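# Coordinate inspection notes
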Amino acid sequence: QHPTQVFIILGNRDLFKLRFLAELAPGNDNLDDPWLCPWEKQPRLLSDFLASSNLEKSHLSKCKWMLECNMGCQGTFATRKDELAHLQGTAVDADVLHSYTDSVDPNSDDPWMLEFL
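Summary of the structure given here. (Residues numbered from 1 in each chain as written. Predicted model: local features only at pLDDT ≥ 70, side-chain atom pairs only at ≥ 80, totals over all residues. Heavy atoms only, no water.)

## Some thoughts on helix α5 (residues 76-88)
For α5, spanning 13 residues, the distance from its first C-alpha to its last is 18 Å, which sits close to the expected 18 Å at 1.5 Å a residue. For α5, the set of buried residues is Phe 77, Arg 80 and Leu 84. Projection of α5 onto a plane perpendicular to its axis shows the buried side chains occupying an angular sector of 65°, all on one side. Among the exposed residues of α5, those oriented more than 90 degrees off its buried face are Thr 79, Asp 82 and His 86. On its buried face, α5 is in contact with α4 (59-70) and α6 (93-103). Two residues or fewer past α5, Gly 89 is found with a positive phi of approximately 100°. (Helix = DSSP H or I, 4+ residues; strand = E, 2+ residues; numbered from the N terminus. Expected span 1.5 Å × (residues − 1). Buried < 20%, exposed > 50% of the residue type's maximum accessible area, 1.4 Å probe, protein only. Arc of directions from axis to C-beta. Contact = heavy atoms within 4.5 Å.)

Take a look at the structure:
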C-alpha cells in the first residue's frame, strides 16, 4: 500500500545475529550477567544452561546458549558445524563461534551478514 515508505523488512533472527559480535567478541567478558530477552516470561539463565549442558563458562558456551535459549535456534550450532566441515573438510566448535562473530564483524574477511542487512 505504501511501497515508498518501506526500506527493508528484517526478522528478529536477522537482527539477533548482530548480538554475536557485541556479546561474543574477544574482550567482551560479560559472561556473568548476559542480556535476557525481555519478552520471555521465564528466560533460561546462562548459568542454568551451563549446568544442565555440563559446559564451562566461555564465549563458546554462551554462543550455544544464545542460539538455543534466546534465538529459537535449537540444533543450529551442530548444523553450522556440519556445514563448515563440508565446506572446509573439518570443523571444531571454535570454528562455529568464529563463523558467527565474523559474519557480523566489519573487520573480518567475510562480513556477509552485514552485507545482507
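## Here we look at the side chain of Ser 99
Here Ser 99 shows up in helix α6. Among the polar contacts made by the side chain of Ser 99, one reaches the side chain of Arg 80 at a distance of 3.2 Å. For Ser 99, the side chain forms a polar contact with the main-chain oxygen of Val 96, separated by 2.7 Å. The contacts of Ser 99, once residues within four sequence positions are left out, are Arg 80 and Leu 84. (Polar contact = N/O pair within 3.5 Å; in protein donor to acceptor, adjacent residues only side chain to side chain.)

## With respect to the packing of aromatic side chains
All chains considered together, the criterion is met by four aromatic pairs. Ring geometry for Phe 16 versus Trp 35: centroids 6.2 Å apart, planes at 75°, classification edge-to-face. Here Trp 35 lies in the loop between α2 (19-24) and α3 (46-53) and Phe 16 lies in helix α1 (residues 12-16), a separation of 19 residues in the sequence. Note on Phe 16: relative accessible area 9%, which makes it buried. Take Trp 35: its relative accessible area is 36%, and that puts it in the partly exposed class. (Phe/Tyr/Trp six-rings, centres within 6.5 Å; stacked < 30°, edge-to-face > 60°.)

## Some details on unusual backbone geometry
What is expected of a backbone is that most residues other than glycine have negative phi and most peptide bonds are trans. Positive phi values are uncommon outside glycine, yet Asn 54 reaches one of about 55°. The topology assignment puts Asn 54 in the loop between α3 and α4. Given the relative accessible area of 71%, Asn 54 is considered exposed.

## Brief notes about the layout of surface pockets
Rolling a probe over the atoms, with the probe sized like a water molecule, indicates the empty space that remains. By volume, the largest pocket is sized at about 190 Å³. Along the walls of the largest pocket sit Arg 80, Leu 84, Gln 88, Asp 95, His 98, Ser 99, Asp 102, Ser 108, Asp 109, Asp 110 and Trp 112, which together make up its complete lining. Looking at the lining of the largest pocket, the elements that each hand over two or more residues are α5 and α6. Tallying contributions element by element places α6 first for the lining of the largest pocket, with four residues. (1 Å grid on protein atoms, 1.4 Å probe; cavity = no way out; pocket = protein on both sides within 12 Å on 5 of 7 lines; lining within 4 Å. Points joined across faces, edges and corners; volume = space filled by probe spheres on them.)

## Things to note about the packing of α3 against α4
Relative to each other, α3 and α4 sit at 105°, their axes nearing to 10 Å. Between α3 and α4, the angle falls in the class roughly perpendicular. Where α3 approaches α4, its residues Leu 46, Phe 49 and Leu 50 are matched on the opposing element by Ser 61, Lys 62, Lys 64, Trp 65, Glu 68 and Cys 69. Classifying every residue of the contact of α3 with α4 gives five nonpolar, one polar and three charged. (Axes fitted to C-alpha atoms, helices over the stretch in contact; angles between N-to-C directions. Parallel < 35°, antiparallel > 145°, perpendicular 65-115°, else oblique. Nonpolar A, V, L, I, M, F, W, Y, C, P; charged D, E, K, R; others polar.)

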